[in-house]
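What follows is each chain in one-letter form.
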Amino acid sequence: MIMALLVLSMIVLFHELGHFLLARANGIAVLEFSLGFGPRLLSWKSKNSGTRYSIKCIPFGGSCAMLGEFGDEPEFDDLREEFADGKHGASFFEKSPLAKLSVVAAGPLFNFIMAFVLSIAVVAWSGCDVPEIAQVVEGCAAEQAGLQKGDIITNDIIKILYGCEGYYVNDVDDRIVVHGNQDMEVQFKRPNVEDGTWETYDAVLDSDYYYYQQGRYLSGMNFYGNRPATESIFKLLKYSAAEVRYNILSVVDSLAMIGKGKVEKDDIAGPVRIVSMIDETVETVSPYGMVYVIMNVFNLMIMFSANLGVMNLLPFPALDGGRILFLVWELVTGKPLNPKFENLVNMISMALLMAFMVFVIFNDLTLLF
């Protein structure tokens, strides 16, 4: 439980740190920087910046409360009076649209930065999961396409769907799972038996030859489980970026499946099941030593941090994505939304979001107990 709370707190704290640093860089006064929601457990106010730093009783989420951002909430009355002279910075709404946009976008961006840094550590330690074929199932799409043991999938399964290359086994597997109802162009490389050089080929995975097993479309490609070490710093950075991209696209795919009604409510994991997942992972790998624990926790943090970054970019008013939408409107029209109207919309949306979180937590508890 302690490890799970620590992991989630670090992810949220880094997200809010992005908002905080860009707010301060843009001369915006920060009333409070907090971890968690609800009543304060611990609180300390900086004499230099005037910002109150708090730990609150509900250890999920957090906030970076900027001057002007929360309207007339009495919770910040004492701080607001101190900031009235402008000594510690200006109101959020007094800044330019680009300044405000940079502050709002910094939260999700910092989540992606965190995922990337952790990916560097994981890939440097464990190697990269290259999609080299270990076996081709007879009669399936991979065999029909001419794929063989030893071939390495390079990019087109990902490129045709997302305009970017794939480097991981999961890249290939997950795209087929999600898009298994369509033919897919495949690019792969195969060693030349005469001189050992690699040659690149193109093929098509015919969806008529996919098979469906345990809720997954499968093409008949089974991959090796070994993870060779990266050969250079450049490749380490490349594969680390690919790891982040894979986690981002997995969230995008999941949202698309939710939109299409292909996801059951029990498939949506809330904070209770996330805590349980982290605890189970730590318990499972702890016999192998602390390094295994740390790297497996890093793996989960990569997934959760990328997930938080994507979810916060959704165009829902209570989230960063909704605020970005409002700021884009301001940039296009040259007129900001009325702050009172924006605060009202955000408060209503936050209430809806909290109601959804209550439902998810209740669902988690039902499934676990």
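Structure shown above.
The structure displayed is predicted, hence computed values, not measured ones.

A. Region of interest: the overall build of the protein chain. Looking only at helices and strands, the protein chain features eleven helices and nine strands. Here the protein chain holds 369 residues, and 43% of them are scored as buried. Long-range contacts, defined here as pairs at least 24 residues apart, represent 68% of the contacts in the protein chain between residues at least 6 apart. Working note: accessible area of the protein chain is about 19300 Å², and carbon and sulfur atoms make up 62% of it.

B. Representation of the pattern of salt bridges within the structure. All told, the structure shown has four salt bridges when counted by the stated rule. With a closest N to O distance of 2.6 Å, Arg40 and Glu32 form a salt bridge. Arg40 sits in the partly exposed class, given a relative accessible area of 30%. Residue classification places Glu32 among the buried positions, given a relative accessible area of 0%.

C. Here's a closer look at the nonpolar core. In terms of nonpolar packing, the biggest core is built from 21 residues, with Val7, Ile11, Ile278, Val297, Met301 and Phe304 touching the most fellow members. Those elements giving two or more residues to this core turn out to be helix H1 (2–25), helix H3 (97–126), helix H8 (271–285) and helix H9 (290–312). Examining the composition of this core, we find that seven residues originate from one element, H9, more than from any other. Apart from the residues lying within four places of it in its own chain, the contact partners of Val297 are Met3, Val7 and Val282.

D. Quick look at the packing of helix H7 (residues 233–259) against H9. Relative to each other, H7 and H9 sit at 55 degrees, their axes nearing to 9 Å. One way to sum up the angle between H7 and H9 is to call them oblique. Where H7 crosses over H9, the two elements pack in a sense that is right-handed. In this structure, H7 contributes Glu243, Asn247, Ile248, Val251 and Leu255 to the contact, and H9 contributes Asn299, Ile302, Met303, Ala306, Asn307, Val310 and Met311. Broken down by class, the residue content of the contact of H7 with H9 amounts to eight nonpolar, three polar and one charged.

E. Representation of the packing of aromatic side chains in the model. Tallied over the full model, the rule gives nine aromatic pairs. Relative to Phe33, the ring of Phe20 lies with its centre 5.2 Å away and its plane at 50 degrees, an arrangement referred to as tilted. Remark: Phe33 occurs in strand E1 (residues 30–45) and Phe20 occurs in helix H1; sequence separation between them is 13 residues. For the pair Phe20 and Phe33, a shared accessibility class is recorded, and that class is buried. Measuring from ring centre to ring centre gives 5.2 Å for Trp125 and Tyr292, while their planes differ by 85 degrees; the resulting arrangement is edge-to-face. Highlighted residues: Trp125 in helix H3 and Tyr292 in helix H9, separated in sequence by 167 residues. Aromatic rings pair up to connect Phe20, Phe33, Trp44 and Tyr53 into one cluster. In this arrangement the basic side chain of Lys189 is found over the ring face of Trp198, its NZ or CZ atom lying 5.3 Å from the centre.

Procedures and definitions
Residues numbered from 1 in each chain as written. Predicted model: local features only at pLDDT ≥ 70, side-chain atom pairs only at ≥ 80, totals over all residues. Heavy atoms only, no water. Helix = DSSP H or I, 4+ residues; strand = E, 2+ residues; numbered from the N terminus. Buried < 20%, exposed > 50% of the residue type's maximum accessible area, 1.4 Å probe, protein only. Contact = heavy atoms within 4.5 Å. Areas by Shrake-Rupley, 256 points an atom, 1.4 Å probe, with all protein chains shown as cover. Salt bridge = Lys/Arg side-chain N within 4 Å of Asp/Glu carboxyl O. Core = buried A, V, L, I, M, F, W, Y, C linked by side-chain atoms within 4.5 Å. Axes fitted to C-alpha atoms, helices over the stretch in contact; angles between N-to-C directions. Parallel < 35°, antiparallel > 145°, perpendicular 65-115°, else oblique. Left-handed = near helix turned anticlockwise from the far one by under 90°. Nonpolar A, V, L, I, M, F, W, Y, C, P; charged D, E, K, R; others polar. Phe/Tyr/Trp six-rings, centres within 6.5 Å; stacked < 30°, edge-to-face > 60°. Lys NZ or Arg CZ within 6 Å of the ring centre and 35° of its normal.

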